[in-house]
Amino acid sequence: MRKIAFLTALLAAMVAQPVGATLNASKPDNEMNRFISNLMKQMTLEEKIGQLCQMPDGYITGPDNTQVSLAPLISEGKIGSLLGVCGVAETRKFQDAAMKSQLKIPLLFGMDVIHGYTTGFPLPLAEAASFDLDAIEMSARCAAREAAAAGLHWTFAPMVDISWDARWGRVMEGAGEDPYYGAKVAAARVKGFQGENLADTATILSCIKHFGGYGAPMAGKDYNSVDMSLSHFANFYMPPYKAGAEAGAATFMSAFSDLNNVPCTANSFLLRDLLKNQWGFEGFVVSDWGSVGELMNHRYASDSRDAALKAISAGLDMEMATQCYADNLAELVKEGKVPMKIVDDAVRRILEQKYRLGLFEDPYRYCNEEREREVIGSQKSRDEARYVAERSIVLLKNDHNILPLSPDVKKVALVGALSKSKRDMCGSWTCADVDQTVTLYDALINRGLTVDYSDGYDMEQNRISNLSQTLASARESDVVIVAMGERASYTGEMASRGDIAISDEQQRLVAELVKTGKPVVVLLMCGRPVIFNQVKEEAPAILCTWWLGSEAGPAITNVLWGEYNPSGKLPMSFPAHNGQIPLNYQYKSTGRPTANGGWSTRYRDITTEPAYPFGYGLSYTTFDYSDPKVEASTKPGEYATVSVEVTNTGKRKGEEVVQLYVRDEVASITRPIKELKGFEKIRLEPGETRIVTFPITDEQLGFYDNDMKYRVEKGDFTFMVGSDSKNLKSTSFTLK
Ligand code: BGC
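Definitions and cut-offs
- Residues numbered from 1 in each chain as written.
- Predicted model: local features only at pLDDT ≥ 70, side-chain atom pairs only at ≥ 80, totals over all residues.
- Heavy atoms only, no water.
- Helix = DSSP H or I, 4+ residues; strand = E, 2+ residues; numbered from the N terminus.
- Rg over C-alpha atoms; globule rule 2.2 N^0.38 Å.
- Buried < 20%, exposed > 50% of the residue type's maximum accessible area, 1.4 Å probe, protein only.
- Axes fitted to C-alpha atoms, helices over the stretch in contact; angles between N-to-C directions.
- Parallel < 35°, antiparallel > 145°, perpendicular 65-115°, else oblique.
- Left-handed = near helix turned anticlockwise from the far one by under 90°.
- Contact = heavy atoms within 4.5 Å.
- Nonpolar A, V, L, I, M, F, W, Y, C, P; charged D, E, K, R; others polar.
- Expected span 1.5 Å × (residues − 1).
- Arc of directions from axis to C-beta.
- Pairing = 2+ DSSP bridges.
- Disulfide = S-S within 2.5 Å.
- Domains from an automatic or database assignment.
- Buried area = accessible area lost by both parts, 1.4 Å probe.
- Salt bridge = Lys/Arg side-chain N within 4 Å of Asp/Glu carboxyl O.
- Polar contact = N/O pair within 3.5 Å; in protein donor to acceptor, adjacent residues only side chain to side chain.
- Near = heavy atom within 4 Å.
- Areas by Shrake-Rupley, 256 points an atom, 1.4 Å probe, with all protein chains shown as cover.
- Core = buried A, V, L, I, M, F, W, Y, C linked by side-chain atoms within 4.5 Å.
- Phe/Tyr/Trp six-rings, centres within 6.5 Å; stacked < 30°, edge-to-face > 60°.
- Lys NZ or Arg CZ within 6 Å of the ring centre and 35° of its normal.

Enquirer: Any chance you could break down the overall build of the protein chain for me, citing the residues and the numbers?
Expert: Along the protein chain, the regular secondary structure elements total 22 helices and 28 strands. Radius of gyration (C-alpha) of the protein chain: 27 Å, near the 27 Å computed for a compact globule of 736 residues. Seen through its C-alpha atoms, the protein chain measures out along the principal axes to roughly 75 × 65 × 50 Å. In the protein chain, buried positions account for 63% of the 736 residues.

Given below as structure tokens:
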């Protein structure tokens with residue numbers, strides 16, 4: 001029956017195609033252009049506007065919850081895309097409605113597949129800690145495979161917003177504070193989601209968001225205004241967006257916020273000049289949830305008609321959730337306020353992506369129940385999730401080599417409700433099947449250990465609970481493992497916090513446990529950098545485990561017992577005090593450079609040093625770095641190479657992220673004291689030495705000037721190589 005329905009719908013879709021059009025998604029662009037031109041000739045203005053409208057179905061990620069009856073509108077060709085509809089059965093239902101429309105243009109199904117689909121992967125910030133671009137790409141590929149099997153065509157990811165502000169709740173969704181690294185991660189994620197060919201039914205469209213500068217809201221409050229010089233934007237925030245466009249991202253999302261007094265959703269500098277004209281972006285731009293309507297809240301548009309006019313004129317192609325386009329665009333075009341060519345350009349961009357996905361060939365090609373059953377939650381996905389989760393963990397402290405734990409450990413005192421919470425393990429903004437999550441508690445039991453569990457601390461009431469019982473269980477154990485941190489819901493959208501310190505009570509509990517004299521391992525579970533100075537001082541071993549997804553438990557226990565030697569590095573500086581925020585390692589010298597005292601850029605009451613610097617992370621082995629060597633190069637486009645010998649001086653094999661930082665000594669604008677400009681993750685056997693060589697090209701030496709022009713200036717540079725942004729050996733170079 002289903003098959004007959006499918007064939008009928010397919011036939012109907014074919015009949016609606018212009019004569020002679022080719023329907024093959026992998027055909028060259030000129031065939032696509034011909035196909036779309038023919039199709040557009042048949043479209044009424046209303047049908048064109050329909051393609052620019054995206055509506056949610058029972059999915060709410062914003063305040064405007066207008067629920068309209070979707071199927072009739074879809075069948076009238078008035079909706080081009082849905083968000084939040086997933087699963088083959090559901091997407092098929094709505095695609096059926098689209099196939100009843102005059103031109104049978106398939107719907108595009110989009111959703112926030114942020115870190116894995118049903119199989120939950122680590123938070124994007126956690127994955128960024130892996131500094132392993134292959135692993136990050138694999139994670140996106142797995143998410144795409146599962147999402148596509150569930151009928152989805154498009155994810156609103158990756159979020160590539162750079163942030164120096166750990167108060168901002170959305171840091172969990174990005175790659176941290178560094179633009180160079182953020183650019184590499186953005187490209188890896190786009191590649192993972194989109195693969196080589198969008199017509200492959202294991203891939204989906206990606207969406208670079210939130211363009212631009214959304215990660216720099218004033219005072220860390222989500223949605224707040226963003227104001228910065230254009231060269232600051234270009235040097236510190238723009239690189240990941242640009243890299244995403246260059247990697248071929250099919251779509252971009254505008255930010256809720258404004259940038260330099262113009263809301264990003266109606267910002268023609270960002271959307272038209274930079275993205276579409278300068279970078280040659282050929283995909284389409286979607287608004288954020290309701291952000292066209294919110295132009296009125298910004299007091300940038302007087303009414304919904306004005307909002308539609310300003311957004312479409314600026315280059316915003318598809319409106320999400322609000323209906324300013326649906327209600328006003330036809331009239332605006334008829335009155336000559338919006339040129340038809342602007343609407344046509346937006347429609348064409350959207351239809352092209354539908355074509356590339358192969359939807360005109362078969363609108364149901366992502367609707368395959370058998371594939372859905374096989375792919376989603378498969379063992380392959382779970383193995384990949386565990387692989388990435390292990391690599392996302394960062395070892396922050398390991399006094400007396402408490403870790404890895406010995407195989408003789410049999411009895412564990414496990415403290416902290418977070419260790420047992422399937423929901424929290426998945427992290428915020430997750431699509432994961434919570435029930436299928438293996439928590440730390442589950443994983444310890446699965447290893448055959450005797451686990452004496454206590455909550456230790458009441459997260460809701462913010463107080464220690466049953467202390468004497470918790471301490472008694474600790475005293476009787478071989479090792480105490482404490483899960484400490486924030487609930488998953490403390491980060492994400494609308495989750496900015498004015499205080500990111502772990503409560504004194506939680507920290508006091510750890511201190512009490514340490515006093516028992518038993519080995520105590522602290523697992524820091526969080527979605528952002530947090531502050532925990534007392535624990536940092538007093539606990540002998542600390543692992544930052546973030547939120548790691550469906551395979552969190554096994555990944556953590558594999559690291560605890562040394563089956564995987566931790567190799568993660570922090571992608572954001574961890575502040576020592578709230579007052580240091582925004583905090584970044586690539587600050588400027590200033591006229592009174594940062595120092596411990598005197599007339600310097602500093603605080604009188606707190607240190608300027610972070611608790612843990614960007615790029616920091618230990619291993620169960622140790623690595624020794626030689627002095628770096630710089631050599632002039634004769635290769636075209638390469639000025640020099642910097643090389644360093646790295647030796648594994650410990651007794652275990654391990655991985656190290658070798659990091660290159662560059663300082664431009666004197667430039668025509670003020671430049672940071674150092675910037676990451678290269679990294680390589682290497683794996684060394686005990687005693688093994690590897691030479692790591694970094695090419696020095698325009699990418700390492702250049703910057704955007706105050707006119708947003710990229711320049712490489714002659715003069716002196718310092719190259720620094722080491723294991724984190726503080727622990728570096730340097731050499732110098734003159735570009736003549
Ligand atoms: C978020 C976006 C998201 C959208 C759709 C918004 O609230 O800012 O990142 O893609 O909702 O769910």
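Enquirer: I'd love a proper account of the packing of helix α9 (residues 230-246) against helix α10 (residues 268-278), names of residues and values included.
Expert: When two helices pack together, their arrangement is given by the angle between the helix axes and by the axis-to-axis distance. Where α9 contacts α10, the two axes come as close as 12 Å, and the packing angle between them is 60°. By the criterion of interaxial angle, the relationship of α9 to α10 is oblique. In the packing of α9 onto α10, the handedness of the crossing is right-handed. Touching L230, F233, M238 and A245 of α9 are F269, L270, L274 and L275, all from α10. The class makeup of the residues in the contact of α9 with α10 is 8 nonpolar, no polar and no charged.

Enquirer: With reference to specific residues and values, describe helix α2 (residues 29-41).
Expert: In this model α2 runs 18 Å from its N-terminal to its C-terminal C-alpha over 13 residues, within 8% of the 18 Å that 1.5 Å per residue would give. By the burial criterion, the buried members of α2 are E31, M32, F35, I36, L39 and M40. Projection of α2 onto a plane perpendicular to its axis shows the buried side chains occupying an angular sector of 165°, all on one side. For α2, the exposed residues lying more than 90 degrees away from the buried face are R34 and K41. Contact partners of the buried residues in α2: α3 (45-51) and α13 (340-356).

Enquirer: Lay out the pairing of strand β21 (residues 640-648) in plain terms, naming residues and giving numbers.
Expert: Buried residues dominate β21, accounting for 8 of its 9 residues. Pairing between strand β19 (residues 623-625) and β21: 3 bridges, direction antiparallel. Note on β21: the bridge partner recorded for D624 is T647. Two elements, strand β20 (residues 629-632) and β21, share 4 bridges in a ladder whose sense is antiparallel. Within β21, the position partnered with A632 by the bridge is A640.

Enquirer: I'd like a rundown of the state of the cysteines, residues and numbers included.
Expert: According to the stated counting rule, one finds 0 disulfides in the structure shown. The thiol sulfur of C264 is not disulfide-bonded, and the nearest other cysteine sulfur, from C207, lies at 14 Å. On the accessibility criterion, C264 (0% relative accessible area) is buried. C526 forms no disulfide, and the closest cysteine sulfur to it belongs to C544, at a distance of 4.3 Å. On the accessibility criterion, C526 (0% relative accessible area) is buried.

Enquirer: Run through the domain arrangement of the protein chain, naming residues and quoting values.
Expert: How big an interface is tends to be stated in terms of accessible area lost as the parts join. Segmentation of the protein chain into domains returns domain 1 (2-9 + 110-372), domain 2 (58-109), domain 3 (385-567) and domain 4 (621-735). Between the C-alpha centres of domain 3 and domain 4 the distance comes to 34 Å. Residue-level contacts link 6 residues of domain 3 with 7 residues of domain 4. When domain 3 packs against domain 4, the two sides together hide about 490 Å² of surface, and 30% of this comes from carbon and sulfur. A per-residue breakdown of the area domain 3 buries against domain 4 is headed by P404, N565 and S567, which together make up 72% of the total. Scanning the region where domain 3 abuts domain 4 turns up 0 salt bridges. At the boundary of domain 3 and domain 4, one finds 3 residue pairs in polar contact (both at pLDDT 80 or more). For the side of domain 3 that touches domain 4, a count of residues per class yields 2 nonpolar, 3 polar and 1 charged.

Enquirer: Account for the site of the ligand, with residues named and values stated.
Expert: Close to the ligand lie 15 residues; D112, R170, H210, D288 and E493 are nearest. Between an oxygen atom of the ligand and a side-chain N or O atom of D112, the distance comes to 2.4 Å. A distance of 2.6 Å separates an oxygen atom of the ligand from a polar side-chain atom of R170. Here the ligand, which alone exposes 310 Å², has 100% of that area covered by the protein. Taken together, the residues that form the shell around the ligand break down as 8 nonpolar, 2 polar and 5 charged.

Enquirer: Please set out the nonpolar core residue by residue, giving values where relevant.
Expert: Ranked by internal contacts, the top residues of the largest apolar core, which has 200 residues, are F233, F532, W546 and L560. When sequence neighbours within four positions are dropped, the list of residues in contact with W546 reads L125, A126, A129, S392, V394, L524, M525, C526, L570, P571 and F574. Counting 20 residues, the second largest nonpolar core, distinct from the first, contains V644, V658, L684 and I696.

Enquirer: Help me get a handle on the packing of aromatic side chains, residues and values and all.
Expert: Scanning all chains against the criterion turns up 28 aromatic pairs. Judged by centre distance (4.9 Å) and plane angle (70°), the ring pair of W154 and F156 falls under edge-to-face. Summarising the burial analysis for this pair, W154 and F156 share the class buried. Measuring from centroid to centroid gives 5.3 Å for F211 and F252, while their planes differ by 85°, and the two rings are edge-to-face. Placement of F211 in strand β5 (residues 207-211) and of F252 in strand β6 (residues 251-254) is noted, with a sequence separation of 41 residues between them. Look at F211 and you get buried, because its relative accessible area is 0%. Taking the ring centre of Y300 as reference, the NZ or CZ of K310 above it sits at 5.2 Å. Here the basic side chain of K420 rests over the ring of Y441, its NZ or CZ set 4.6 Å away from the ring centre.

Enquirer: An account of the sheet that holds strand β4 (residues 154-155) is needed here, citing residue identities and associated values.
Expert: The sheet built from 5 strands is open, its strands ordered β4-β3-β2-β1-β10 with parallel pairing. Two strands in the sheet have a free side with no partner beyond their single neighbour: β4 and β10 (319-320). Note that strand β1 (residues 53-56) and strand β2 (residues 81-83) share 3 bridges and pair parallel. Looking at β2, one finds that M55 is bridged to L82.

Enquirer: Which residues make up the pattern of salt bridges, and what values do they have?
Expert: The full count for this structure, using the stated rule, is 45 salt bridges. Here E384 makes a salt bridge to R145, at a shortest N to O gap of 3.2 Å. Taken as a pair, E384 in helix α15 (residues 379-392) and R145 in helix α7 (residues 133-149) lie far apart in primary sequence, 239 residues in all. Like E384, the residue R145 is buried in the burial classification. Through salt bridges that share partners, D112, R170, E173, K209 and E493 make up one connected network.

Enquirer: Which residues make up helix α21 (residues 552-560), and what are the values?
Expert: In an α-helix, one full turn covers 3.6 residues, which means residues spaced three or four apart are oriented alike. Most of α21 is tucked away: 9 of the 9 residues are buried. Looking at α21, one finds that the buried residues are A552, G553, P554, A555, I556, T557, N558, V559 and L560. Just downstream of α21, G562 is the residue with a positive phi angle, here 80°.

Enquirer: Now, about unusual backbone geometry: what can you tell me, with residues and values included?
Expert: Of the consecutive residues F211 and G212, the connecting peptide bond is found in the cis state with omega at -10°. With respect to the secondary-structure elements, G212 resides in the loop between β5 and α9. Here the amide bond leading from I581 into P582 is cis, since omega sits at 0°, within 30 degrees of zero. Among the secondary structure elements, P582 is positioned in the loop between α21 and β19. Positioned with a positive phi, Y223 is a non-glycine residue whose angle comes to about 80°. Along the chain, Y223 falls in the loop between β5 and α9. For Y223, a relative accessible area of 34% translates into the label partly exposed.

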